[in-house]
Structures are given as structure tokens and as C-alpha cells.
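Now for the letters of each chain:
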Amino acid sequence: MIRFIFVQNRQGKTRLEKWYGGYSDQEKQKLKAEVHRTVASRDQKHQSNFVEFHNNRIVYRRYAGLFFCFCIDTNDNELAYLEAIHLFVEVLDAYHGNVCELDLVFNFYLVYAVLDEMILAGEIQETSRSVILSRLEHLNNLE
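Residues numbered from 1 in each chain as written. Predicted model: local features only at pLDDT ≥ 70, side-chain atom pairs only at ≥ 80, totals over all residues. Heavy atoms only, no water.

**Q** Which parts of the structure should I look at to understand the environment of Q8?
**A** Note that Q8 resides in strand 1 (residues 2–9). Considering only alpha carbons, one finds Q8 and V99, 91 residues apart in sequence, at a separation of 14 Å. Here the side chain of Q8 touches K32 through a polar contact of 3.2 Å, landing on its backbone oxygen. (Helix = DSSP H or I, 4+ residues; strand = E, 2+ residues; numbered from the N terminus. Polar contact = N/O pair within 3.5 Å; in protein donor to acceptor, adjacent residues only side chain to side chain.)

Written out as C-alpha cells, the structure is:
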């Protein structure tokens, strides 16, 4: 199960956060800072994209200047979540054109819509890029 999802830039500014558990505001701020310190300090060439973190595991991937981080249970399949991160970025790219940090800031509601189409209650629900894009197109037509 996914505990939380962050998209953070290299400076540590959180551009997207989604929580799938009960955390206080103080815990959330602490976790965001700890995750960024942990992920940003790792060597991209010689270390894996998986980090043990508070009885959970962080699965992350860096795209351009953004870190996409999923906190998952230790018994979950890390590679499935790494692929889910890649799918998330692919869908954002397909939907926005070439997605950048500013797209996440100014179109945050669309980013959350993509995330909600993929993940429900901390579990991956949809893994088909075409299905997700067709659902988003349907939502776009409703507006």
C-alpha cells in the first residue's frame, strides 16, 4: 500500500503531495523534509531507487529537476511502483505535451486528476496509459 506520494524539486519544494494515511500537519512537514534529504543526497549512478525509511520503503525516480517519490510498505513490490511512477510521468507528458515543473504548479488540479485515475486508496488501480488518457479526455469533455 502507498502511504504517501511526493513530487519535489531539487530545492526541496513540494509540488505535489498525496497522503493515504492519517498524519498530523507537523508529521507531514517533518516527513517531507526527511524524504527530500534522503532522496536528494543519493548518488543517481551508483545507488538504487529504493530506500528503507521509517519501517516503510521510499521508491523514487528523478525526472529533470523533479523527484517523484512513493512511500510504500516494505513487503510491496518496488519495481511495480517504480513502473507506476514512470507511467504517471508518461501520462502527464501525453496529456500536457512535454511536462515541466510549471505545469505541475499551474495545472495542479489536472495532475491530481491523473493521480486519482491511477491510484485509489493507496493501491494502484489502473496501469493502462490509453485507458487513463481516455478517462481524462472524458472528464475534460464534461467541463
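**Q** Looking at this model, I keep getting lost on helix 2 (residues 78–96). Mind explaining?
**A** Since the α-helix advances by 3.6 residues per turn, residues separated by three or four positions end up pointing in the same direction. Over its 19 residues, helix 2 runs 27 Å from end to end, which matches the ideal 27 Å to within 8%, given 1.5 Å per residue. When helix 2 is considered as a whole, its buried residues turn out to be E78, Y81, L82, A84, I85, L87, F88, V89, V91 and L92. The backbone nitrogen of L79 has a side-chain oxygen 3.0 Å away, supplied by the residue at the start of helix 2, namely N77. Looking one or two residues beyond helix 2, the residue adopting positive phi is G97, at roughly 90°. (Expected span 1.5 Å × (residues − 1). Buried < 20%, exposed > 50% of the residue type's maximum accessible area, 1.4 Å probe, protein only.)

**Q** How should the side chain of D76 be read in this particular structure?
**A** Examined against the element boundaries, D76 turns out to sit in the loop between strand 5 (66–73) and helix 2. One polar contact links the side chain of D76 to the main-chain amide nitrogen of M1, over a distance of 2.2 Å.

**Q** Mind showing me how you'd approach the state of the cysteines here?
**A** Each disulfide consists of a covalent bond between the sulfur atoms of two cysteine residues. Using the criterion set out here, one finds 0 disulfides in the structure. Cysteine C71 remains unbridged, with the sulfur of C69 as its closest cysteine sulfur at 9.7 Å. We note that C100 lacks a disulfide partner, and the nearest cysteine sulfur, in C69, lies 19 Å from it. (Disulfide = S-S within 2.5 Å.)

**Q** What should I look at first to understand the sheet that holds strand 1 in this one?
**A** Backbone hydrogen bonds hold the strands of a sheet together, and the pairing may be parallel or antiparallel. Strand order in the open sheet formed by 5 strands is 2-1-5-4-3, and the pairing between neighbours is antiparallel. For this open sheet the edge positions go to strand 2 (14–19) and strand 3 (50–53), each flanked by a neighbour on one side alone. Pairs of neighbouring strands in the sheet enclose a mean axial angle of 20°, with direction left out of account. Pairing of strand 3 with strand 4 (residues 56–63), which is carried by 4 bridges, proceeds in the antiparallel orientation. Looking at strand 4, one finds that E52 is bridged to R57. Of the strands in this sheet, strand 1, strand 2, strand 3, strand 4 and strand 5 touch helix 1 (residues 25–40), which is tilted by about 65° from strand 1. (Pairing = 2+ DSSP bridges. Axes fitted to C-alpha atoms, helices over the stretch in contact; angles between N-to-C directions. Contact = heavy atoms within 4.5 Å.)

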